[in-house]
Amino acid sequence: PSTLREGVSPGEVKPRLPPEILDAVIDYLHDDKRTLRSCSLLCHALVSTARFHLFETVVISRRNIQRAKALFFVKCPQLLGYARNLTLEALDDTQDDTPDRLRNFIDGQGLKPPAHTFISEIVRLAPNVQHLGLKDIPLDGTVVTMLSAAFPQLNMFTIFDCWFHSNADFYELVRSHPLVHTVRVG
């Protein structure tokens, strides 16, 4: 029950719930994305907890890279701070054929500079990632260096269809994250 304050009409009084109760309600809804989106639009007090669940897992791929750039780099860069599971898939959309990508990587071409820029922005904006998934990304020395210096809480790698320039790059990537307990490679 709310009490009326002097000079405030009954329609202006807003009952308040403790933040712990609001967080518990949103946590209960953790797997209902539609309701979480509605809650984040409904009340400012619910935004942070809803985003915690809405952006827990972020997948950026060739299909959604333009939308991801607009959302995470322009509109709301702080959203990547909520990501705990981040997957990057085939970011270089200039080449569709995997054999051509491998041939170019072997020839020393690696990722195009825009992809390097994109990855460097992602690692800067996503400090809380615990699980990093990489799929179909050539991991040249530049990318390995960027990833090695990022993600202090990383404890799991999932790497599929990626190419390392050398075994030392793979070793450096894993060695630079002492909390990693699981590496999945395919």
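Here's what I pulled together on the structure shown here. (Residues numbered from 1 in each chain as written. Predicted model: local features only at pLDDT ≥ 70, side-chain atom pairs only at ≥ 80, totals over all residues. Heavy atoms only, no water.)

1. Concerning the pairing of strand β3 (residues 131-135)
Then step 1. Burial analysis of β3 places four of its five residues in the buried class, the great majority of the element.
Then step 2. As paired strands, strand β2 (residues 85-89) and β3 are joined by five bridges and run parallel to one another. Bridge assignment links N85 to a residue of β3, and that residue is H131.
Then step 3. For β3 and strand β5 (residues 156-160), the ladder comprises five bridges, and the chain directions are parallel. Within β5, the position partnered with H131 by the bridge is M156. (Buried < 20%, exposed > 50% of the residue type's maximum accessible area, 1.4 Å probe, protein only. Helix = DSSP H or I, 4+ residues; strand = E, 2+ residues; numbered from the N terminus. Pairing = 2+ DSSP bridges.)

2. Observations concerning the pattern of salt bridges
Then step 1. On inspection of all chains with the given rule, the structure shows four salt bridges.
Then step 2. Among the salt bridges present, the one from R124 reaches E121, with a minimum N-O distance of 2.7 Å. A residue pair is termed a helical-turn pair when its members lie 3 or 4 positions apart in one helix, as R124 and E121 do in helix α6 (residues 113-125) at three residues. (Salt bridge = Lys/Arg side-chain N within 4 Å of Asp/Glu carboxyl O.)

3. Side note on the sheet that holds strand β1 (residues 57-61)
Then step 1. Strand order across the open sheet formed by five strands is β1-β2-β3-β5-β7, with parallel pairing between neighbours. Because the sheet does not close on itself, it has two edges, and the strands there are β1 and β7 (182-185). Across this sheet, the average inter-strand angle for adjacent strands is 10°, counted without regard to direction.
Then step 2. Bridge count for β1 against β2 is five bridges, and the pairing is parallel. In the strand pairing of β2, V58 is matched with L86.
Then step 3. Its contacts with the sheet put helix α8 (residues 167-175) on β5 and β7, and the angle it makes with β5 is roughly 155°. (Axes fitted to C-alpha atoms, helices over the stretch in contact; angles between N-to-C directions. Contact = heavy atoms within 4.5 Å.)

4. What about the packing of aromatic side chains?
Then step 1. Throughout the structure, instances matching the rule amount to three aromatic pairs.
Then step 2. For the pair F55 and F72, a centre-to-centre distance of 6.3 Å together with 80° between the ring planes defines the contact as edge-to-face. In this pair, F55 is assigned in the loop between α3 (44-54) and β1 and F72 in helix α4 (residues 65-75), connecting sequence segments 17 residues apart. You'll find F55 and F72 in the same group, each marked buried.
Then step 3. For R84, the ring lying beneath its charged end belongs to F52, and the centroid distance is 3.7 Å. (Phe/Tyr/Trp six-rings, centres within 6.5 Å; stacked < 30°, edge-to-face > 60°. Lys NZ or Arg CZ within 6 Å of the ring centre and 35° of its normal.)

5. Considering the nonpolar core
Then step 1. With 45 residues, the main nonpolar core has I60, L86, L88, L132, L147 and F151 as its most contacted residues.
Then step 2. Per-element accounting of this core gives the leading share, five residues, to α6.
Then step 3. In contact with I60, not counting residues within four places along its chain, are I65, A68, F72, L86, T87, L88, E89, L91, F118 and I122. (Core = buried A, V, L, I, M, F, W, Y, C linked by side-chain atoms within 4.5 Å.)

6. Some words on unusual backbone geometry
Then step 1. Positive phi is not limited to glycine here, since D136 has a value of about 55°.
Then step 2. The phi dihedral of F151 falls on the positive side, at around 60°, and the residue is not glycine.

7. A closer look at helix α2 (residues 33-42)
Then step 1. What α2 keeps buried is the set L36, C39 and S40. For α2, the buried positions fall inside an angular range of 100° around the axis, keeping them on one side. Looking at α2, the residues exposed on the side facing more than 90 degrees away from the buried face are R34, L41 and L42.
Then step 2. The inward-facing, buried residues of α2 contact α1 (19-28) and α3. (Arc of directions from axis to C-beta.)

These values are about where atoms sit, not about what they do.
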